[in-house]
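Here's the letter readout for the chains.
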Amino acid sequence: MTTVWVPADAAAVSVGADEVADALVAAGATVRRNGSRGMLWAEPLVEVETDGGRIGYANVTPEGAAGVLDGHGDCLGVVDDHEWLAGQRRVSFARVGVIDPQDVEGFEAQGGWAGLRRALTMSPADVVEEVTASGLRGRGGAGFPAGVKWKTVLGAEADTKYVACNFDEGDSGTFADRMVVEGDPFTLIEGMVIAAYAVGASEGYVYVRSEYPHAITALRRAIETAYTHGFLGRDILGSGHHVDIHVRVGAGAYICGEESSMLESLEGRRGEVRAKPPIPALKGLFGQPTAVNNVLTLCAVPMILADGGRAYADLGVGRSRGTQVFQLAGNVARGGIVELPMGVTLGELVEGYGGGTRTGRPVRAVQVGGPLGAYVPPDRFDVQMGYEELAEIEAMLGHGGVVVFDDTVDMARMARFAFEFCAVESCGKCTPCRIGAVRGKETLDHVIAGRDVERNLELVDDLCNTMTKGSLCAMGGLTPMPVQSAIRHWPEDFDRSHQEQEGVPS
Ligand SMILES: Cc1cc2nc3c(=O)[nH]c(=O)nc-3n(C[C@H](O)[C@H](O)[C@H](O)COP(=O)(O)O)c2cc1C
Ligand code: SF4
C-alpha cells in the first residue's frame, strides 16, 4: 500500500488538506499527517513515499487526490530537492513537515533530544555559556542575547524560577511560531527543558493565543507524551532534574505579546505593561526570576546544544548569528517559511523565494518585522537581513515577518493604519501612546483629505518623536516606524491635492 503524507497544519487544513486526506484513505493509501513544509503556496502539498524519496504534488484537491497515487497532478519532484527547500538552511524547522509531529520516536530518530541529553551532562552555567557562544538573540523582536538573559536568571537568588515561553505571535504576517509548534512540538518542549535546566527553573509556562487551536492541541498532546516518556516531570532522563510545563491560553490581544503584559495575563490580570525595572529576569512571573523567550528562540536551543554554539555562530552576518525563520506573506506569489542564515538580502527573499507579487504587478513596498516595522522600498532590497543592518536603514527585523504590497498600495493609508492599530491595541497605561495614536490617526485623516497637508505632516512628525521618546514600551515607541518610513519613502502619497478623497471623514 502506498504511504502518503498530508499536512495537518492549520494553513493546509484551511485549503482542504483534511478532505484530501479522506479522499486518499478512500483511494486505499496509507495516510500519515505531517506539519507543513512551509511551502504555503503549494498547499495542500501531498507527498508520496517512493524508493527515491518523497515526491510532492502541489495544490491537491479532493477530486484530484487519487490521481497522485498514479503520478498525476502538479508534481514538484522529490520535495527535499525542490529548489525552494534545497536552498534553505533549516535549523529550527529541520523536522517540520518531515516527521509526524506526535511521533516521539520519529522525533528522536531525526536528532530529537540530542541537545537535551548533552545539556544534562553539563553544568547549568556551561549550558548558558554554550548559548552565549552561539550568539543567539531573542527572536521575539527585541533581539536581546539569550545567553545574557539566562545568565541573569541563573545568577538571581530565589527558591523558585520560571521559564515563560512567549507564543502570543501577534505580529501580522507572522506564523512561524504556530507552524513549528504544529509541525514539531517536541522541539519547543526540548528547548524549554534545556532553558529550565540552565536557569535553575522547574516550571515552564507557554502563553499561547486562543486563535491557535491546532497548535494548542498539538502542544498539549506532545506534552503528555513527553511526560510518559520521561522527558518532562520528575527526574528527567535520570538527571534528578524536574520540569513541568503548563499551557495557558490568552484571549488574543496584541499587547499580551509584550513580555510584562504577558506575565500580567499569565497571573490572571488584564494585559497591561509593567514599568521596568525590575526586569522579568529578576522579578518576573509571580514576582520570581523568569526567562521569557519567544518560541523560535527556544526552538533554536536544542540544535545549539546538540551541535555546539560555534556551529550556530558560524552562520549569519555581523552581530546577527545563526538562522532566521522568515515568513513571506501578503501579496506574494510564493508565501511561506524561508529559514536562512542571517544576512540574506531582502531582495533574495521577496523576488527570489517569494517570486514577486501574487498579482504580478511590481512590488512597491515591503513591511519587515510586523505591524511596528518599517516599510522598505525596492531600492533598498539590497539590505541584509540582520538586526544592525536593518537598523542602518531605519528598519527592524522584529519576528521575521515580510509582508509584500504591490504598486496599488496607498502608503498614506498604511501610515494611518499604523496609528489606528496602535489606538486599538494600546494598553492605555502611558499618555504618548494612548493619546498619540488617536491623534495621529486623526491628523493623518486630515492629510488624506488634503487639508492643510504641510502643517499636519509637521504635527505627525512631532507626535512621532514624542511617541518614540516618551512611550513606556515598544508598542507606542515603534508605531512611528511604519508611519515615518511611509512618509520618507513615498512622500507623493501624502500629497493628496490631486487624488480622490474616498472614505475619509471630513
Ligand atoms: C507590543 C509588543 C508585542 C510583542 N509581541 C510579541 C510576541 O507576540 N511574541 C514574542 O515572542 N515577543 C513579542 N514581543 C517581544 C517581547 O516583549 C519580548 O521581547 C520577547 O518575548 C522576549 O523573548 P526573546 O528574547 O526570546 O525574543 C512584543 C513586544 C511588544 C512591545
Ligand atoms: S506604549 Fe502603549 S502599549 Fe506600551 S505601555 Fe504605553 S500605552 Fe501601553
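In this text the structure is predicted, and so the values were computed from the model without any measurement.

The rules behind each value
Residues numbered from 1 in each chain as written. Chains lettered and ligands numbered in written order. Predicted model: local features only at pLDDT ≥ 70, side-chain atom pairs only at ≥ 80, totals over all residues. Heavy atoms only, no water. Helix = DSSP H or I, 4+ residues; strand = E, 2+ residues; numbered from the N terminus. Rg over C-alpha atoms; globule rule 2.2 N^0.38 Å. Buried < 20%, exposed > 50% of the residue type's maximum accessible area, 1.4 Å probe, protein only. Areas by Shrake-Rupley, 256 points an atom, 1.4 Å probe, with all protein chains shown as cover. Lys, Arg positive; Asp, Glu negative; His and termini not counted. Charge placed at Lys NZ, Arg CZ, Asp CG, Glu CD. 1 Å grid on protein atoms, 1.4 Å probe; cavity = no way out; pocket = protein on both sides within 12 Å on 5 of 7 lines; lining within 4 Å. Points joined across faces, edges and corners; volume = space filled by probe spheres on them. Nonpolar A, V, L, I, M, F, W, Y, C, P; charged D, E, K, R; others polar. Domains from an automatic or database assignment. Contact = heavy atoms within 4.5 Å. Buried area = accessible area lost by both parts, 1.4 Å probe. Salt bridge = Lys/Arg side-chain N within 4 Å of Asp/Glu carboxyl O. Near = heavy atom within 4 Å. Sits in = over half its atoms within 2 Å of the grid points. Polar contact = N/O pair within 3.5 Å; in protein donor to acceptor, adjacent residues only side chain to side chain.

Quick notes on the overall build of the protein
In terms of regular secondary structure, the protein is built from 21 helices and 16 strands. The C-alpha atoms of the protein give 23 Å as radius of gyration, which agrees with the globular expectation for 506 residues (23 Å, within 12%). Counting the 506 residues in the protein, one finds 59% classified as buried. Accessible surface for the protein amounts to roughly 19200 Å². Of this, 50% is attributable to carbon and sulfur atoms. The average position of the 44 basic charges and that of the 68 acidic charges among the side chains of the protein differ by 6 Å.

With respect to the layout of surface pockets
The gaps left among the atoms become clear once a water-sized probe is rolled over them. Counted as a void, the largest pocket has a volume near 1100 Å³. The wall of the largest pocket is formed by 43 residues, among which Gly 140, Gly 141, Ala 142, Gly 257 and Glu 259 lie closest to the centre. At four residues, strand 9 (residues 290-294) tops the list of elements feeding residues into the lining of the largest pocket. Counted by class, the lining of the largest pocket contains 19 nonpolar, 15 polar and nine charged residues. Of the voids in this model, the second largest pocket is the one considered here, and its volume is about 230 Å³. Lining the second largest pocket are 13 residues, with Ala 8, Gln 102, Glu 182, Ala 218 and Arg 221 positioned closest to its centre. The greatest single-element share of the lining of the second largest pocket, amounting to four residues, is contributed by helix 11 (residues 213-228). Here the residues of the lining of the second largest pocket sort into three nonpolar, five polar and five charged. Inspection of the lining of the second largest pocket shows a minimum of three residues originating in each of domain 1 (3-82) and domain 2 (104-314).

Quick notes on the domain arrangement of the protein
Partitioning the protein into structural domains gives domain 1 (3-82), domain 2 (104-314), domain 3 (316-406) and domain 4 (411-493). Relative to domain 4, the C-alpha centre of domain 3 lies at a distance of 23 Å. Contact with domain 3, which involves 15 residues of that partner, is made by 16 residues of domain 4. Together, Arg 364, Leu 372 and Tyr 375 form the three largest contributors to the area buried by domain 3 at its contact with domain 4, with a combined 53%. At the boundary of domain 3 with domain 4, the tally comes to three salt bridges. When contributions to the side of domain 3 that touches domain 4 are tallied by element, the ones reaching two or more residues are strand 14 (363-368) and strand 15 (375-376). Considering every element that reaches the side of domain 3 that touches domain 4, the biggest residue donor is strand 14, with three residues. By residue class, the composition of the side of domain 3 that touches domain 4 is eleven nonpolar, two polar and two charged.

Observations concerning the site of ligand 2
By nearness alone, 13 residues border ligand 2, and Cys 427, Lys 429, Cys 430, Cys 433 and Cys 473 come closest of all. When each cavity is represented as a set of grid points, ligand 2 is found to reside in the largest cavity.

Brief notes about unusual backbone geometry
Note that the residue after Glu 43, namely Pro 44, is joined by a cis bond; omega there is -5 degrees. In this fold, Pro 44 is placed in the loop between strand 2 (30-34) and strand 3 (46-50). Omega for the bond connecting Lys 276 with Pro 277 falls within 30 degrees of zero, at -5 degrees, which places this linkage in the cis form. A positive phi angle, near 70 degrees, is found at Trp 113, a position not held by glycine. Structurally, the position occupied by Trp 113 is in the loop between helix 5 (104-109) and helix 6 (114-119). Positioned with a positive phi, Glu 394 is a non-glycine residue whose angle comes to about 60 degrees. Checked against the element boundaries, Glu 394 lands in the loop between helix 16 (387-392) and strand 16 (401-406).

Side note on the site of ligand 1
Looking at ligand 1, there are 20 residues lining it, with Gly 140, Glu 259, Asn 293, Asn 294 and Thr 297 nearest. Take Asn 166: an N or O atom from its side chain is 2.9 Å from an oxygen atom of ligand 1. Residue Val 292 places a main-chain N or O atom 3.4 Å away from an oxygen atom belonging to ligand 1. Look at ligand 1: alone it shows 600 Å² of surface, and the protein chains cover 92% of it. Among the cavities detected, the one that contains ligand 1 is the largest pocket. Broken down by element, the residue count for the shell around ligand 1 peaks at three residues, all from strand 9.

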